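Report on the structure
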Amino acid sequence: MPAGGELDHHRPHADGGHTSAANLAGYCTTDHRGKHQAPGWTHTLHPDGTLTLTTPTGLTAVTTPPPY
């Protein structure tokens, strides 16, 4: 299966979020849809590029960008 992904603004463009590396996070298509369609989930993009996802029940997943 080919690798692919979608970039999304962490701070929404409509709310003044600029299109820059510091304000973009990469998601697979399924997770990107979930970000916009799953109520109660939080997505926190940290300055080092680490992304923390938290579900309404408190389950947390953390991803870090590749080291290059």
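Parameters at a glance
- Residues numbered from 1 in each chain as written.
- Predicted model: local features only at pLDDT ≥ 70, side-chain atom pairs only at ≥ 80, totals over all residues.
- Heavy atoms only, no water.
- Helix = DSSP H or I, 4+ residues; strand = E, 2+ residues; numbered from the N terminus.
- Rg over C-alpha atoms; globule rule 2.2 N^0.38 Å.
- Buried < 20%, exposed > 50% of the residue type's maximum accessible area, 1.4 Å probe, protein only.
- Areas by Shrake-Rupley, 256 points an atom, 1.4 Å probe, with all protein chains shown as cover.
- 1 Å grid on protein atoms, 1.4 Å probe; cavity = no way out; pocket = protein on both sides within 12 Å on 5 of 7 lines; lining within 4 Å.
- Points joined across faces, edges and corners; volume = space filled by probe spheres on them.
- Nonpolar A, V, L, I, M, F, W, Y, C, P; charged D, E, K, R; others polar.
- Salt bridge = Lys/Arg side-chain N within 4 Å of Asp/Glu carboxyl O.
- Polar contact = N/O pair within 3.5 Å; in protein donor to acceptor, adjacent residues only side chain to side chain.
- Contact = heavy atoms within 4.5 Å.

1. Some words on the overall build of the protein
In terms of helices and strands, the protein carries 1 helix and 5 strands. Since a compact globule built from 68 residues should have a radius of gyration of about 11 Å, the 12 Å found for the protein is in line with a globular shape. With the C-alpha coordinates aligned to their principal axes, the bounding extent of the protein is approximately 35 × 30 × 20 Å. Classification of the 68 residues of the protein by burial places 21% in the buried group. Just so you have it, the protein exposes about 5,100 Å², and 60% of that area is on carbon and sulfur atoms.

2. A short note on the layout of surface pockets
Using a probe with the size of a water molecule, rolled over the atoms, empty space left in the structure can be pinpointed. Approximately 300 Å³ is the volume found for the largest pocket. Across the lining of the largest pocket, the residue classes tally to 9 nonpolar, 5 polar and no charged.

3. Observations regarding the pattern of salt bridges
Counted according to the given criterion, the structure contains 1 salt bridge. Note that Asp8 and Lys35 form a salt bridge whose closest N and O atoms lie 2.5 Å from each other. One end of the pair, Asp8, is in strand E1 (residues 6–9); the other, Lys35, is in helix H1 (residues 29–37), with 27 residues separating them in the sequence. The two residues Asp8 and Lys35 agree in class, both being buried.

4. A closer look at the side chain of Asp8
When its relative accessible area of 11% is taken as the criterion, Asp8 is described as buried. Of note is the side chain of Asp8, whose polar atom sits 2.5 Å from the side chain of Lys35. Filtering out sequence-adjacent residues up to four positions away, Asp8 remains in contact with Asn23, Leu24, Ala25, Tyr27, His32, Lys35 and His36.

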